[in-house]
Amino acid sequence: MSNLLCGQTPVFWMKEPGYLYLCAAVSALTFACYPLLCESTALEHSHAVFAGDTLGLAAFSIIGAQHGLRLGLAPLICCCGGVVIVFGGLIRDILCDREIALGGADPYASATLAGATVYVGLRELSFKLQRRIPLHVRIALAATTVVSLRCGSRYYGWTLPKWSQKDLHDQL
């Protein structure tokens, strides 16, 4: 979707088939491991499914930010590009009748925004300092941000602040 909104046709994965190969490999691995996942625990509570989803989310946040940077978009837009890419997860949640996890118990959109922001921020910092921050360092720190926030949410109960109607009324 983001490719089409940015006027990029054909979409980037058609020009760079490495992404398609990666998706095919992960799909094959998931298919092969599915019986093990179903035997071990309820699928929606599986640690393996959560780990795979989290790593995929980290990858998508970085890929979305990189794509915006390649198009020459402003850094803020590139950070948001990392979030736009999670709309597939929103569609999944709606179709599977799951709780939509934008900021509550599983804030994947905010974790993705944070990861994309770290990636873009480190790139911008390297320009300002006129000292190159290696690509693998930027990727590792951005992915670590996403993984840390999701794990903190799942295992330590981290959530974004929630406002009640009373809180909002008291503020006015």
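What you see is a predicted model, and the numbers here were worked out from it, not measured in a lab. (Residues numbered from 1 in each chain as written. Predicted model: local features only at pLDDT ≥ 70, side-chain atom pairs only at ≥ 80, totals over all residues. Heavy atoms only, no water.)

A.B. asks: Talk me through the overall build of the protein chain; I want residue IDs and the actual numbers.
C.D. replies: Scanning the protein chain from N- to C-terminus turns up nine helices and zero strands. Going through the 172 residues of the protein chain one by one, you find that 28% of them count as buried. Of the contacts formed within the protein chain by residues at least 6 apart in sequence, a portion of 61% connects residues at least 24 apart. Here the protein chain has roughly 11,300 Å² of accessible surface; of this, 68% comes from carbon and sulfur atoms. (Helix = DSSP H or I, 4+ residues; strand = E, 2+ residues; numbered from the N terminus. Buried < 20%, exposed > 50% of the residue type's maximum accessible area, 1.4 Å probe, protein only. Contact = heavy atoms within 4.5 Å. Areas by Shrake-Rupley, 256 points an atom, 1.4 Å probe, with all protein chains shown as cover.)

A.B. asks: Any details on the state of the cysteines? Residues and values, ideally.
C.D. replies: Scanning the model with the defined rule gives zero disulfides in all. Note on C78: no disulfide assigned, nearest cysteine sulfur contributed by C79 at a separation of 7.0 Å. Using a relative accessible area of 1% as the deciding quantity, one classes C78 as buried. Sulfur of C79: no disulfide; nearest cysteine sulfur belongs to C80 and is 6.7 Å away. (Disulfide = S-S within 2.5 Å.)

A.B. asks: I'd love a proper account of the pattern of salt bridges, names of residues and values included.
C.D. replies: Applying the stated criterion across every chain yields a total of three salt bridges. Measuring nitrogen to oxygen at the nearest pair gives 3.3 Å for the salt bridge that ties E16 to R70. With E16 in the loop between α2 (12-15) and α3 (18-40) and R70 in helix α4 (residues 47-70), this residue pair connects regions lying 54 residues apart in the sequence. By relative accessible area, which is 31% here, E16 ends up partly exposed. For the salt bridge of R150 with D53, the shortest nitrogen-to-oxygen distance reads 3.1 Å. In this pair, R150 sits in helix α8 (residues 135-156) while D53 sits in helix α4, placing the two residues 97 residues apart along the sequence. (Salt bridge = Lys/Arg side-chain N within 4 Å of Asp/Glu carboxyl O.)

A.B. asks: So, the packing of aromatic side chains: which residues are in play, and what are the values?
C.D. replies: Enumeration over the complete set of coordinates arrives at two aromatic pairs. Judged by centre distance (5.9 Å) and plane angle (85°), the rings of F50 and Y155 are edge-to-face. Pair noted here: F50 is in helix α4 and Y155 is in helix α8, with a separation of 105 residues, a long-range link. Residue classification places F50 among the buried residues on the basis of a relative accessible area of 8%. Here the guanidinium or amino end of R154 rests over the ring plane of F50, the centre of that ring lying 4.4 Å away. (Phe/Tyr/Trp six-rings, centres within 6.5 Å; stacked < 30°, edge-to-face > 60°. Lys NZ or Arg CZ within 6 Å of the ring centre and 35° of its normal.)

A.B. asks: Quick rundown of α4? Include the residues and the values.
C.D. replies: The terminal C-alpha atoms of α4, which comprises 24 residues, lie 34 Å apart, in line with the 34 Å expected from a rise of 1.5 Å per residue. Trailing α4 by a residue or two, G72 shows a phi angle of about 80°, which is positive. (Expected span 1.5 Å × (residues − 1).)

A.B. asks: Describe the nonpolar core, with residues and values.
C.D. replies: Membership of the largest hydrophobic core is limited to nine residues, which are I62, A65, L69, C78, C79, A116, Y119, V120 and A142. Those elements that place two or more of their residues in this core are α4, α5 (75-84) and α7 (108-129). In terms of nonpolar packing, the next biggest core, distinct from the first, is built from six residues, L57, A58, L90 and V146 among them. (Core = buried A, V, L, I, M, F, W, Y, C linked by side-chain atoms within 4.5 Å.)

A.B. asks: Before we move on, could you go through the packing of α4 against α7 and cite the residues and values that matter?
C.D. replies: Between α4 and α7, the least distance of the axes is 9 Å, while the angle of their chain directions is 45°. Put simply, α4 runs oblique to α7. In this structure, α4 meets α7 at a crossing whose hand is right-handed. Where α4 abuts α7, its residues L57, S61, I62, A65, Q66 and L69 lie against Y108, T112, G115, A116, Y119, V120 and R123. By residue class, the composition of the contact of α4 with α7 is eight nonpolar, four polar and one charged. (Axes fitted to C-alpha atoms, helices over the stretch in contact; angles between N-to-C directions. Parallel < 35°, antiparallel > 145°, perpendicular 65-115°, else oblique. Left-handed = near helix turned anticlockwise from the far one by under 90°. Nonpolar A, V, L, I, M, F, W, Y, C, P; charged D, E, K, R; others polar.)

A.B. asks: Report on the packing of α4 against α8, specifying residues and quantitative values.
C.D. replies: Where α4 meets α8, the axes come as close as 9 Å, and the angle between the chain directions of the two elements is 140°. With respect to α8, the axis of α4 lies oblique. Judged by the twist between their axes, the crossing of α4 over α8 is right-handed. On α8, the residues touching H47, F50, D53, T54, L55, L57, A58, S61, I62 and Q66 of α4 are L135, I139, A142, A143, V146, V147, R150, C151, R154 and Y155. Looking at the contact of α4 with α8 residue by residue, the classes come out as 13 nonpolar, four polar and three charged.

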